[in-house]
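Here are the chains, one letter per residue:
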Amino acid sequence: MDLSGLSFQKFVDFALDHTRLRTTLTPHLPSQKFKSIKAKDGNKAVLTALSFQSPKIRLLRSLAIADDNAMRVLDFGVFPEPEYDLPIFCANFFATASRSIVVLDYKEKYFKKLMPLGQKYAELFPWGGKITSESMKFFSPIVIWTTFSTSRDKHDDLYSAFVDYYKAWLELMDEAVEEKDVPQILHNREAQHKYLTWRAEKDPGYPLLKKLVGESLAKDLVRNFLFEGVDTLGTNTFLDYFPEYRCEDGGVNQKRSMIGKSYETRPWDAKGEFTGG
Ligand code: BLA
């Protein structure tokens, strides 16, 4: 389809407006320098970055890319303060004129009462097929992992899903009370750090980002904007968390996946029990 009328702007506007109904967002200072990033000369892509924080949100950030009629990207993430036992909210949408790739999820926790929401959208957005196996441990039973041929109708359905998932996340945020148990806080911090470490090293968006803005800015964006916290929330390295990627020379294997792709079908049942072995 013609991408000219297709935008993720209203997704971001919705999220910011509704977050502001419940909390006060202030600029996330460490990542403000990314507000005006430009694509490399000769590239028509427009990148829009914004980042905020609030008492319960360590980092809410969004990177949207619109490249003329070639593609639209949204990478929207909310990373809670470790003192609040909240899941990470993640929306990753990649659309070309022909194909859209979608991941919409909360990491792990709290999904039980959200299963009906997951069920509703599992029908509208069928499982996207085989996926990098390592990614699965970061997904919850209500993850929307799908691909479809890009269309206005599907884009609108996706907006509804985003709205429902985000509203449910805001409910969780409202209910969350500050954790006083130090081991629990440390656990939350490490879980978030592991997630950031995984994505900072292996995110499927990186090769494209590198093409658009060049290697040094792409690296800076990944470590200091998209997955900010990877260098401050913990001291474990990628190889500490994922030792199977260690090469003989001690470096990190550049392959995205050591196991390969798997999970042809949705590996959870209606109750959210993992059935993928
Ligand atoms: C593809 N993006 C994918 C795929 C997944 C994700 C699962 C399918 C390929 C695969 O199985 O790896 C997303 N993977 C995730 C997410 C997590 C994960 C969210 O492990 C979280 C733990 N995507 C972006 C951005 C761009 C982008 C910013 O978020 C581009 C700038 C592009 N994603 C993109 C492209 C593909 C893709 C081009 C298809 C190409 C490929 O598979 O390598």
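Residues numbered from 1 in each chain as written. Predicted model: local features only at pLDDT ≥ 70, side-chain atom pairs only at ≥ 80, totals over all residues. Heavy atoms only, no water.

1. With respect to helix α5 (residues 206-213)
What counts is decided by this rule: Type-normalised accessible area, obtained with a 1.4 Å probe on protein chains alone, sets the label of each residue: buried when under 20%, exposed when over 50%, and partly exposed for intermediate values. The numbering of helices and of strands both runs from the N terminus, where a helix is a DSSP run of H or I of at least 4 residues and a strand a run of E of at least 2. As used here, the arc is the angular range of directions from the helix axis to the C-beta atoms. Two residues qualify as a contact provided that any one of their heavy atoms is within 4.5 Å of a heavy atom in the partner residue.
By the burial criterion, the buried members of α5 are L209, L212 and V213. Viewed end-on, α5 has its buried residues packed into an arc of 75°, placing them on one side of the element. Those residues of α5 that are exposed and aimed more than 90 degrees away from the buried face are P207 and K211. In this structure, the buried side of α5 is in contact with β2 (46-53), β3 (57-67), β4 (71-80) and α6 (215-226).

2. Quick word on the pairing of strand β6 (residues 99-106)
For clarity, the cut-off: Paired strands are those between which DSSP finds at least two bridges.
Among the 8 residues in β6, 6 count as buried, and that is most of the element. Across 7 bridges, strand β5 (residues 89-96) lies against β6 in antiparallel orientation. Across the sheet, residue F94 finds its bridge partner in β6, namely I101. Here β5 hands over to β6 after 2 residues, the two strands then running antiparallel side by side. As paired strands, β6 and strand β8 (residues 144-149) are joined by 6 bridges and run antiparallel to one another. Residue V103 lies in a different strand from β8, and its bridge partner there is W145.

3. Focus on the layout of surface pockets
Gaps left between atoms are located by rolling a probe of water-molecule size over the structure's atoms. Which entries qualify depends on this criterion: Only protein atoms enter the 1 Å grid, on which a cavity is a set of points fitting a 1.4 Å probe that cannot get out and a pocket is an open set with protein on both sides within 12 Å along at least 5 of 7 lines, lining residues being those with an atom within 4 Å of a point. Grid points are joined across faces, edges and corners, and a volume is the space filled by probe spheres set on the points.
By volume, the largest pocket is sized at about 810 Å³. Lining the largest pocket are 38 residues, with N92, R199, D203, P204 and G205 sitting closest to its centre. Among the secondary structure elements, those contributing two or more residues to the lining of the largest pocket are β3, β4, β5, β6, β7 (131-132), α4 (182-202), α5 and α6. Looking at the lining of the largest pocket element by element, the count peaks at 5 residues for β6.

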